[in-house]
2 protein chains.
Amino acid sequence: MPGIREVKKRKTRNAIMEAAVRLFSEKGFEKTSIEQLARTAGIGKGTIYSYFQTKTEIFHAFCEDELDFIHSELLSKTDPEAALIEQLMVLYIGEFNLISKNKEFGRLLMQQMVFPVEKDHVKARAIDDRWLTLVFSICRRAQECDELRRDLDLLSIAGHFYGLYIMTISAWYSGRIQTEDVGPELRMLFQQALEGLAPFDSAKTLRAVEVNTLKKTGTRSIKI
Amino acid sequence: MPGIREVKKRKTRNAIMEAAVRLFSEKGFEKTSIEQLARTAGIGKGTIYSYFQTKTEIFHAFCEDELDFIHSELLSKTDPEAALIEQLMVLYIGEFNLISKNKEFGRLLMQQMVFPVEKDHVKARAIDDRWLTLVFSICRRAQECDELRRDLDLLSIAGHFYGLYIMTISAWYSGRIQTEDVGPELRMLFQQALEGLAPFDSAKTLRAVEVNTLKKTGTRSIKI
DNA sequence: GGATAAAATCGACCAAGGTCGGTTTTGTCC
DNA sequence: GGACAAAACCGACCTTGGTCGATTTTATCC
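Residues numbered from 1 in each chain as written. Chains lettered and ligands numbered in written order. Predicted model: local features only at pLDDT ≥ 70, side-chain atom pairs only at ≥ 80, totals over all residues. Heavy atoms only, no water.

Time to look at helix α6 (residues 103-114) of chain B. Spanning twelve residues, α6(B) covers 16 Å between terminal C-alpha atoms, matching the ideal 16 Å at 1.5 Å per step. With ten of twelve residues buried, α6(B) lies mostly within the body of the structure. Those residues of α6(B) lying buried are B:F105, B:G106, B:R107, B:L108, B:L109, B:M110, B:Q111, B:Q112, B:M113 and B:V114. As for α6(B), its buried residues are in contact with α6 (103-114) and α8 (154-173) of chain A together with α4 (55-77), α5 (84-101), α7 (121-144) and α8 (154-173) of chain B. (Helix = DSSP H or I, 4+ residues; strand = E, 2+ residues; numbered from the N terminus. Expected span 1.5 Å × (residues − 1). Buried < 20%, exposed > 50% of the residue type's maximum accessible area, 1.4 Å probe, protein only. Contact = heavy atoms within 4.5 Å.)

Following this line, the structure appears as structure tokens:
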């Protein structure tokens, strides 16, 4: 059984996290000072630093909670029978919704996740890996259905989609594309990634037909 | 003709930038304090803030200089006769070399360029656009040589390559891939982006031949 | 229960980014 | 050249993230 020490420790950590969720959601990450956070949690400022090494680390814990929630929610939303691109869109647009809901929070999240500092990169990878697992399972299934080439490893494939996602989000943050265009834009890019950027001459007509079929019927695309 | 005021203003700004280049290169961005910067430039701390609004903004100006240099250097290095993928590699690996030379500096650069704060996003786009222009000219040429589909707009195409680049850099910062693997990895991803992620049945064998040809001869790939 | 070691907590303190009101320099008009 | 307005400049000051040694609380051993 846990001693008084353990219980208290758990309780204090929870208090910090609860304060963080409230204050970060209320006033954003940067506008929330450690002092406030400590006061809200009912502890001293220094104590926070025996639970988290940096303010950023608190943010990470906060993100982990948020992403846990969104991931489990998205998982239940995806239909494993749907076309690959549809499943990907559910995932990525789901995450984008989280980000666009609080732009500043999302920016911090992306900055830290995509380009983590040395100190945080293990943590960032852990979060990332859970996301990858999700994408992997979808892509593996798509490979089995012949929607994806089998000669590419899953990491590469996931990389392509992830790269397009990051790039699109980047374009959004740079003001290049509007919020309502993120979805369509991403879908188009995914489609192009599947088709390939190089021309393929005779195969072109064939593929064009397939793409049209996909668009009209909404069912799985390339099939023998 | 410029009055004393203008001249002095120019001189002061230059002094700041020179100090920034020296100190940032010497000890990195974060380890350089505004105070030091001011002292080195031979001015007061407050004065800096009448030239730049934030420390980050000084960093941006610094980046612009660095990127200007690297861009012009890269432009002279690319061979317009070489295969698309080779030209892209020169560009992206060139930029990666700049980044990997000072990892922390590069991280800041990427964070600010890819996910800029509202305040900076105009500046970030300006820098970005110059880069895009470079990629555009290469891709346009590739379209004319039938290395790239003509039915895709240049922005989309550049987006694909840029996304893969960001993603690879991200993987590097997360410790997923080593410095020496960045080049090969990126090349592979570019190749896959050209080929497409979806299987294409009969066309597959044809393309495989073309790819092999490319690898062996090193010349332009798909051609009628 | 008293002594002692270890863990947890605290807030004064430090460093650094950024602000602000006062001061100096420059340009202009008479 | 003197008076005055505007721009440029400065550094004391404020805020806040993070540190550190002192203090309190908890666990253990006799």
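Here we take up the relation of the copies chain B and chain A. The two chain copies are related to each other by a rotation about an axis together with a translation along it. Least-squares fitting of chain B to chain A yields an RMSD of 0.1 Å, with the superposition described by an axial translation of 0.0 Å and a rotation of 180 degrees. Taken together, the rotation angle and the small translation identify this as a two-fold axis. Among all C-alpha atoms of chain B, that of B:G196 lies closest to the rotation axis, at 1.6 Å. With an isologous cut-off of 70% or more, the 98% of interface residues of chain B that recur at the interface of chain A puts this contact in the isologous class. (Least-squares fit on C-alpha atoms with pLDDT ≥ 70 in both.)

A separate point is the protein's contact with DNA strand C. Among the 20 residues in the neighbourhood of DNA strand C, the closest are listed as A:G44, A:T47, B:I34, B:K45 and B:K55. The protein-proximal atoms of DNA strand C, defined as those within 4 Å of the protein, are 68% sugar or phosphate. B:T32 places a main-chain nitrogen or oxygen 3.4 Å from a phosphate oxygen of DNA strand C. When residues of the surface near DNA strand C are traced back to their parent elements, those giving at least two are α1 (4-27) and α3 (45-48) of chain A together with α1 (4-27) of chain B. In terms of residue class, the surface near DNA strand C is made up of five nonpolar, eight polar and seven charged. (Near = heavy atom within 4 Å. Polar contact = N/O pair within 3.5 Å; in protein donor to acceptor, adjacent residues only side chain to side chain. Nonpolar A, V, L, I, M, F, W, Y, C, P; charged D, E, K, R; others polar.)

Looking at the largest pocket, its volume works out to about 650 Å³. Elements supplying a minimum of two residues to the lining of the largest pocket: α4 (55-77) and α6 of chain A together with α4 and α6 of chain B. Here the lining of the largest pocket is composed, by residue class, of six nonpolar, seven polar and eight charged. (1 Å grid on protein atoms, 1.4 Å probe; cavity = no way out; pocket = protein on both sides within 12 Å on 5 of 7 lines; lining within 4 Å. Points joined across faces, edges and corners; volume = space filled by probe spheres on them.)

What follows deals with the interface of chain B and chain A. Chain B puts 54 residues into the contact, and the matching count from chain A is 54 residues. Between chain B and chain A, roughly 5,000 Å² of surface is buried when both sides are summed, and carbon and sulfur atoms account for 59% of that area. In terms of surface lost to chain A, no three residues of chain B exceed B:F115, B:R149 and B:L197, which account for 18% of the buried area on that side. The closest approach of N and O atoms between B:R176 and A:D128, which form a salt bridge, is 3.3 Å. Run the count over chain B and chain A and you get 27 residue pairs in polar contact (both at pLDDT 80 or more). Those elements that provide at least two residues to the side of chain B that touches chain A are α6, α7, α8, α9 (179-195) and α10 (202-217) of chain B. Among the elements that make up the side of chain B that touches chain A, the one with the highest residue count is α8(B) (twelve residues). Taken together, the residues that form the side of chain B that touches chain A break down as 27 nonpolar, eleven polar and 16 charged. (Buried area = accessible area lost by both parts, 1.4 Å probe. Salt bridge = Lys/Arg side-chain N within 4 Å of Asp/Glu carboxyl O.)

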